Number of protein chains: 2
Amino acid sequence: MSETRSDADCAASWCTDDPWCGLTCAVDVLGHKWHPVVVHRLLARGPLGFGDLADDIGAVTNKVLSETLADLEAAGVVDRTVVDDRPVRVEYSLTDDGEALAPAIEALQDWGERYLDD
Amino acid sequence: MSETRSDADCAASWCTDDPWCGLTCAVDVLGHKWHPVVVHRLLARGPLGFGDLADDIGAVTNKVLSETLADLEAAGVVDRTVVDDRPVRVEYSLTDDGEALAPAIEALQDWGERYLDD
DNA sequence: CAGTATCCACAAGGATACTG
DNA sequence: CAGTATCCTTGTGGATACTG
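This structure is a prediction, so every number in the text was calculated from the model and none was measured.

Engineer: Got a minute to help me understand the overall build of chain A in this structure?
Structural biologist: The helix and strand inventory of chain A stands at seven helices and two strands. Sequence-ordered secondary structure for chain A, helices as α and strands as β, is α-α-α-α-α-β-β-α-α. Sequence-distant contacts in chain A: of pairs separated by 6 or more residues, those separated by 24 or more amount to 49%. Total accessible area computed for chain A in this model is approximately 6,100 Å², and 45% of it derives from carbon and sulfur atoms.

The structure is reproduced here in C-alpha coordinates:
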(Lines give C-alpha, C1' and ligand atoms only; values in the text may rest on other atoms or scores of the structure.)
Protein backbone atom coordinates (compact mmCIF):
# COMPACT_ATOMS: atom_id res chain seq x y z
CA MET A 1 0.00 0.00 0.00
CA SER A 2 2.37 2.67 1.19
CA GLU A 3 5.42 1.95 -0.94
CA THR A 4 6.73 5.48 -0.77
CA ARG A 5 9.73 4.64 1.37
CA SER A 6 13.32 3.89 0.38
CA ASP A 7 16.58 3.15 2.15
CA ALA A 8 17.67 6.74 1.73
CA ASP A 9 14.88 7.89 4.08
CA CYS A 10 16.82 6.42 6.91
CA ALA A 11 20.03 6.59 8.82
CA ALA A 12 20.83 3.21 7.32
CA SER A 13 22.60 5.12 4.63
CA TRP A 14 25.46 6.01 6.96
CA CYS A 15 25.54 3.20 9.55
CA THR A 16 24.58 0.09 7.64
CA ASP A 17 27.10 -2.16 9.31
CA ASP A 18 26.80 -0.84 12.83
CA PRO A 19 24.95 -2.73 15.56
CA TRP A 20 23.05 0.42 16.49
CA CYS A 21 21.81 1.08 12.97
CA GLY A 22 18.16 0.40 13.78
CA LEU A 23 18.39 2.77 16.70
CA THR A 24 19.90 5.53 14.60
CA CYS A 25 17.24 4.96 12.00
CA ALA A 26 14.42 5.34 14.54
CA VAL A 27 15.98 8.49 15.98
CA ASP A 28 16.29 9.92 12.49
CA VAL A 29 12.52 9.63 12.20
CA LEU A 30 11.57 10.76 15.71
CA GLY A 31 14.47 13.01 16.64
CA HIS A 32 12.88 16.35 15.82
CA LYS A 33 10.88 18.76 17.87
CA TRP A 34 7.36 17.91 16.74
CA HIS A 35 7.68 14.54 15.01
CA PRO A 36 7.24 12.42 18.14
CA VAL A 37 4.41 14.66 19.33
CA VAL A 38 2.45 14.17 16.11
CA VAL A 39 2.84 10.39 16.37
CA HIS A 40 1.80 10.57 20.01
CA ARG A 41 -1.36 12.49 19.21
CA LEU A 42 -2.34 10.16 16.38
CA LEU A 43 -1.76 7.15 18.65
CA ALA A 44 -3.87 8.69 21.39
CA ARG A 45 -6.67 10.23 19.34
CA GLY A 46 -6.77 8.35 16.05
CA PRO A 47 -6.95 10.03 12.62
CA LEU A 48 -7.02 13.82 12.72
CA GLY A 49 -7.30 16.72 10.29
CA PHE A 50 -4.58 19.31 9.87
CA GLY A 51 -6.38 21.90 11.97
CA ASP A 52 -7.27 19.36 14.66
CA LEU A 53 -3.61 18.50 15.04
CA ALA A 54 -2.59 22.15 15.08
CA ASP A 55 -5.19 22.97 17.76
CA ASP A 56 -4.27 19.95 19.82
CA ILE A 57 -0.56 20.65 19.81
CA GLY A 58 -0.96 24.39 20.12
CA ALA A 59 2.56 25.77 19.98
CA VAL A 60 3.42 24.68 16.44
CA THR A 61 3.13 26.86 13.35
CA ASN A 62 1.39 25.89 10.11
CA LYS A 63 4.67 25.73 8.27
CA VAL A 64 6.45 23.50 10.73
CA LEU A 65 3.49 21.18 11.22
CA SER A 66 3.20 20.87 7.46
CA GLU A 67 6.88 20.01 7.13
CA THR A 68 6.65 17.55 10.00
CA LEU A 69 3.71 15.75 8.40
CA ALA A 70 5.48 15.66 5.03
CA ASP A 71 8.54 14.09 6.68
CA LEU A 72 6.47 11.47 8.46
CA GLU A 73 4.55 10.70 5.29
CA ALA A 74 7.80 10.33 3.33
CA ALA A 75 9.09 8.01 6.04
CA GLY A 76 5.98 5.86 5.66
CA VAL A 77 4.82 6.47 9.20
CA VAL A 78 1.79 8.63 8.43
CA ASP A 79 -0.86 8.42 5.74
CA ARG A 80 -2.49 11.49 4.22
CA THR A 81 -5.99 11.21 2.79
CA VAL A 82 -8.07 13.92 1.18
CA VAL A 83 -11.52 13.36 2.62
CA ASP A 84 -13.43 16.25 1.06
CA ASP A 85 -13.22 19.25 -1.26
CA ARG A 86 -14.83 22.65 -0.84
CA PRO A 87 -13.71 23.16 1.82
CA VAL A 88 -10.70 20.90 1.53
CA ARG A 89 -10.60 18.34 4.30
CA VAL A 90 -7.61 16.11 4.91
CA GLU A 91 -7.11 13.30 7.36
CA TYR A 92 -3.82 12.14 8.81
CA SER A 93 -3.53 8.63 10.21
CA LEU A 94 -0.80 6.21 11.18
CA THR A 95 0.41 3.48 8.83
CA ASP A 96 1.29 0.05 10.20
CA ASP A 97 4.86 1.27 10.64
CA GLY A 98 3.46 4.25 12.51
CA GLU A 99 1.34 2.12 14.84
CA ALA A 100 4.40 -0.03 15.44
CA LEU A 101 6.06 2.97 17.02
CA ALA A 102 3.69 2.76 20.00
CA PRO A 103 6.03 0.73 22.26
CA ALA A 104 8.95 3.06 21.59
CA ILE A 105 6.84 6.17 22.17
CA GLU A 106 5.54 4.73 25.42
CA ALA A 107 8.98 3.72 26.63
CA LEU A 108 10.29 7.22 25.96
CA GLN A 109 7.30 8.81 27.62
CA ASP A 110 7.64 6.60 30.69
CA TRP A 111 11.30 7.39 31.04
CA GLY A 112 10.68 11.12 30.67
CA GLU A 113 7.95 11.15 33.28
CA ARG A 114 10.09 9.38 35.85
CA TYR A 115 13.00 11.65 34.97
CA LEU A 116 10.87 14.76 35.51
CA ASP A 117 9.74 13.49 38.89
CA ASP A 118 13.40 13.55 39.94
CA MET B 1 24.43 11.05 44.28
CA SER B 2 24.33 12.66 40.85
CA GLU B 3 22.45 15.86 41.67
CA THR B 4 23.69 17.80 38.67
CA ARG B 5 20.35 17.94 36.93
CA SER B 6 17.67 20.61 36.95
CA ASP B 7 14.29 21.16 35.29
CA ALA B 8 15.87 23.42 32.70
CA ASP B 9 17.83 20.47 31.27
CA CYS B 10 14.61 19.19 29.85
CA ALA B 11 11.81 19.92 27.49
CA ALA B 12 9.62 20.31 30.55
CA SER B 13 10.44 23.97 30.36
CA TRP B 14 8.23 24.43 27.33
CA CYS B 15 5.56 21.71 27.59
CA THR B 16 4.91 21.32 31.28
CA ASP B 17 1.15 20.97 30.95
CA ASP B 18 1.08 18.78 27.87
CA PRO B 19 0.31 15.07 28.07
CA TRP B 20 3.33 14.35 25.88
CA CYS B 21 5.78 16.25 28.08
CA GLY B 22 7.69 13.16 29.21
CA LEU B 23 8.06 12.11 25.59
CA THR B 24 9.39 15.49 24.54
CA CYS B 25 11.77 15.44 27.46
CA ALA B 26 13.19 12.04 26.47
CA VAL B 27 13.58 13.13 22.85
CA ASP B 28 15.38 16.26 24.01
CA VAL B 29 17.97 13.99 25.60
CA LEU B 30 18.23 11.34 22.85
CA GLY B 31 17.25 13.29 19.75
CA HIS B 32 20.71 14.07 18.45
CA LYS B 33 23.00 12.23 16.09
CA TRP B 34 25.34 10.54 18.57
CA HIS B 35 23.58 10.75 21.92
CA PRO B 36 21.56 7.55 21.54
CA VAL B 37 24.58 5.75 20.13
CA VAL B 38 26.71 6.59 23.16
CA VAL B 39 24.00 5.32 25.51
CA HIS B 40 23.66 2.21 23.37
CA ARG B 41 27.38 1.47 23.58
CA LEU B 42 27.54 2.01 27.33
CA LEU B 43 24.53 -0.27 27.78
CA ALA B 44 26.10 -2.97 25.63
CA ARG B 45 29.71 -2.75 26.75
CA GLY B 46 29.68 -1.17 30.20
CA PRO B 47 31.96 1.70 31.28
CA LEU B 48 34.34 2.92 28.60
CA GLY B 49 37.13 5.46 28.21
CA PHE B 50 36.94 8.36 25.80
CA GLY B 51 39.15 6.69 23.25
CA ASP B 52 37.34 3.36 23.57
CA LEU B 53 34.07 5.10 22.76
CA ALA B 54 35.61 6.99 19.85
CA ASP B 55 37.10 3.79 18.41
CA ASP B 56 33.90 1.84 18.91
CA ILE B 57 31.71 4.42 17.24
CA GLY B 58 34.20 5.26 14.54
CA ALA B 59 32.61 8.05 12.54
CA VAL B 60 32.46 10.66 15.29
CA THR B 61 35.03 13.40 15.82
CA ASN B 62 36.70 14.23 19.13
CA LYS B 63 34.89 17.52 19.37
CA VAL B 64 31.41 16.14 18.78
CA LEU B 65 31.92 13.13 21.05
CA SER B 66 33.16 15.46 23.76
CA GLU B 67 30.11 17.70 23.40
CA THR B 68 27.81 14.69 23.36
CA LEU B 69 29.29 13.32 26.58
CA ALA B 70 29.06 16.74 28.23
CA ASP B 71 25.38 16.95 27.29
CA LEU B 72 24.65 13.49 28.64
CA GLU B 73 26.55 14.23 31.82
CA ALA B 74 24.64 17.48 32.30
CA ALA B 75 21.39 15.59 31.77
CA GLY B 76 22.39 13.15 34.51
CA VAL B 77 22.46 10.18 32.18
CA VAL B 78 26.20 9.59 32.14
CA ASP B 79 28.84 9.73 34.87
CA ARG B 80 32.41 10.82 34.19
CA THR B 81 35.20 9.55 36.43
CA VAL B 82 38.88 10.33 36.25
CA VAL B 83 40.52 6.98 36.81
CA ASP B 84 44.17 7.90 36.44
CA ASP B 85 46.66 10.70 35.75
CA ARG B 86 49.79 10.60 33.62
CA PRO B 87 48.45 9.63 31.22
CA VAL B 88 44.99 10.91 32.00
CA ARG B 89 42.45 8.14 31.97
CA VAL B 90 38.71 8.79 32.17
CA GLU B 91 35.82 6.41 32.41
CA TYR B 92 32.27 7.04 31.25
CA SER B 93 29.43 5.02 32.71
CA LEU B 94 25.65 5.18 32.90
CA THR B 95 23.86 6.61 35.91
CA ASP B 96 20.64 5.01 37.15
CA ASP B 97 18.71 7.37 34.88
CA GLY B 98 20.97 6.23 32.06
CA GLU B 99 20.41 2.54 32.73
CA ALA B 100 16.69 3.28 32.87
CA LEU B 101 16.87 4.26 29.21
CA ALA B 102 17.47 0.64 28.21
CA PRO B 103 13.81 -0.20 27.42
CA ALA B 104 13.40 2.91 25.30
CA ILE B 105 16.66 2.29 23.44
CA GLU B 106 15.65 -1.30 22.78
CA ALA B 107 12.18 -0.34 21.59
CA LEU B 108 13.63 2.19 19.16
CA GLN B 109 16.23 -0.28 17.95
CA ASP B 110 13.61 -3.00 17.41
CA TRP B 111 11.40 -0.66 15.46
CA GLY B 112 14.28 0.53 13.30
CA GLU B 113 15.41 -2.98 12.48
CA ARG B 114 11.96 -4.06 11.39
CA TYR B 115 11.59 -0.84 9.44
CA LEU B 116 14.86 -1.43 7.60
CA ASP B 117 13.79 -4.95 6.67
CA ASP B 118 10.85 -3.37 4.77
C1' DC C 1 -9.59 24.41 5.57
C1' DA C 2 -5.10 23.27 4.59
C1' DG C 3 -1.67 24.58 3.37
C1' DT C 4 2.81 27.85 0.69
C1' DA C 5 6.11 31.56 0.38
C1' DT C 6 9.76 34.36 2.46
C1' DC C 7 12.95 35.61 5.53
C1' DC C 8 15.60 34.93 9.50
C1' DA C 9 18.23 33.33 13.80
C1' DC C 10 20.36 29.91 16.01
C1' DA C 11 22.00 25.30 16.94
C1' DA C 12 24.14 21.05 15.42
C1' DG C 13 27.68 18.83 13.52
C1' DG C 14 32.02 18.25 10.69
C1' DA C 15 37.21 19.46 9.39
C1' DT C 16 41.31 20.54 11.08
C1' DA C 17 44.79 21.79 14.23
C1' DC C 18 46.50 22.22 18.74
C1' DT C 19 47.28 21.16 24.18
C1' DG C 20 47.77 19.84 29.45
C1' DC D 1 45.03 10.05 26.64
C1' DA D 2 41.45 13.13 26.57
C1' DG D 3 40.22 16.56 25.30
C1' DT D 4 39.94 22.36 23.32
C1' DA D 5 40.02 25.93 19.83
C1' DT D 6 38.54 27.74 15.32
C1' DC D 7 36.10 28.01 11.47
C1' DC D 8 32.50 26.83 8.53
C1' DT D 9 28.20 24.67 6.31
C1' DT D 10 23.87 23.01 6.79
C1' DG D 11 19.65 21.94 9.17
C1' DT D 12 15.80 23.11 12.02
C1' DG D 13 12.39 25.75 13.51
C1' DG D 14 9.99 30.29 14.25
C1' DA D 15 7.51 34.83 12.51
C1' DT D 16 4.71 36.58 9.32
C1' DA D 17 2.00 37.00 5.32
C1' DC D 18 -0.43 35.07 1.58
C1' DT D 19 -3.41 31.36 -1.37
C1' DG D 20 -6.33 27.54 -3.95
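That shown, we press on.
Engineer: Looking at this model, I keep getting lost on the UniProt feature "domain: HTH hxlR-type" (unreviewed entry) in chain A. Mind explaining?
Structural biologist: With numbering aligned to this structure, UniProt lists the feature "domain: HTH hxlR-type" (unreviewed entry) at residues 21-118 of chain A. Annotated as residues 21-118 of chain A, this span is 62% helix and 13% strand, and its ends, taken at the C-alpha atoms, are 31 Å apart.

Engineer: Looking at this structure, I do not really get the nonpolar core. What am I missing?
Structural biologist: Nonpolar side chains in soluble globular proteins generally cluster together in the buried interior. With 66 residues, the main nonpolar core has V77(A) and V77(B) as its most contacted residues. Beyond its immediate stretch of four places on either side in the chain, V77(A) contacts V29(A), V39(A), L72(A), S93(A), L94(A), T95(A), G98(A), L101(A) and W111(B).

Engineer: Quick question: what am I supposed to make of the relation of the copies chain A and chain B here?
Structural biologist: The second copy of the chain is related to the first by a rotation about an axis and a shift along the axis. Mapping chain A onto chain B leaves a residual RMSD of 0.0 Å; the transformation is a rotation of 180 degrees accompanied by 0.0 Å of translation along its axis. The superposition of one copy onto the other is thereby described by a two-fold rotation axis. Relative to the rotation axis, the C-alpha of G31(A) is the closest in chain A, positioned 2.1 Å from it.

Engineer: For this particular structure, what's the right way to read the interface of chain A and chain B?
Structural biologist: A common way to report how large an interface is uses the accessible area buried once the components associate. With 43 residues of chain A in contact, the opposing surface of chain B contributes 43 residues. A buried area of about 3,700 Å², summed over both sides, lies between chain A and chain B, and 74% of it is on carbon and sulfur atoms. Among the residues of chain A in contact with chain B, W20(A), W111(A) and Y115(A) are the three that bury the most area, contributing 22% of the side total. There are eight residue pairs in polar contact (both at pLDDT 80 or more) connecting chain A and chain B. Elements with a minimum of two residues in the side of chain A that touches chain B: α1 (12-15), α2 (21-30), α3 (35-45), α4 (50-57) and α7 (102-116) of chain A. Counting residues per element, the side of chain A that touches chain B draws most heavily on α7(A), at eleven residues. Its residues placed into classes, the side of chain A that touches chain B shows 28 nonpolar, seven polar and eight charged.

Engineer: Mind showing me how you'd approach the side chain of S93(B) here?
Structural biologist: Within the element layout of this structure, S93(B) appears in strand β2 (residues 89-94). For S93(B), the contacting residues outside a window of four places in its chain are L42(B), P47(B), V77(B), V78(B) and D79(B).

Rules of the game
Per chain, the residues get numbers from 1 upward, laid out in the order the sequence is written. Chain letters and ligand numbers both follow the written order, the letters beginning at A and the numbers at 1. Per-residue local features of the predicted model are confined to residues with pLDDT of at least 70, and side-chain atom pairs are confined, for both listing and counting, to 80 or more; whole-chain, interface and lining totals are unaffected and use all residues. Neither water nor hydrogens contribute to the side-chain values; these are computed over all heavy atoms in the structure. We count a stretch as a helix when DSSP gives it H or I for four or more residues in a row; a strand needs E for two or more, and each element gets its number in order from the N terminus. In what follows, residue pairs with any heavy atoms lying within 4.5 Å of each other are defined as contacts. Exposure was quantified through the Shrake-Rupley algorithm and a 1.4 Å probe, taking into account, for residues, occlusion by the shown protein chains and nothing else. UniProt positions are given in the numbering used here, feature names are shortened, and annotations may be inferred rather than shown by experiment. Definition of nonpolar core: a set of buried residues of the types Ala, Val, Leu, Ile, Met, Phe, Trp, Tyr and Cys, connected through side-chain atoms within 4.5 Å. Partly exposed residues are those whose accessible area sits between 20% and 50% of the maximum for their type, while under 20% is buried and over 50% is exposed, using a 1.4 Å probe and protein chains only. Fitting of the copies onto one another was done by least squares over C-alpha atoms, counting residues only where both copies have pLDDT of at least 70. Joining two parts hides part of their accessible area as seen by a 1.4 Å probe, and the buried area is that hidden amount summed over both. Polar contacts, as used here, are pairs of N or O atoms within 3.5 Å; protein pairs need one atom able to donate a hydrogen and one able to accept it. Residues neighboring in sequence count only if both atoms are side-chain atoms. Under the grouping applied here, Gly and all other residues not named as nonpolar or charged are polar, the nonpolar ones being Ala, Val, Leu, Ile, Met, Phe, Trp, Tyr, Cys and Pro and the charged ones Asp, Glu, Lys and Arg.

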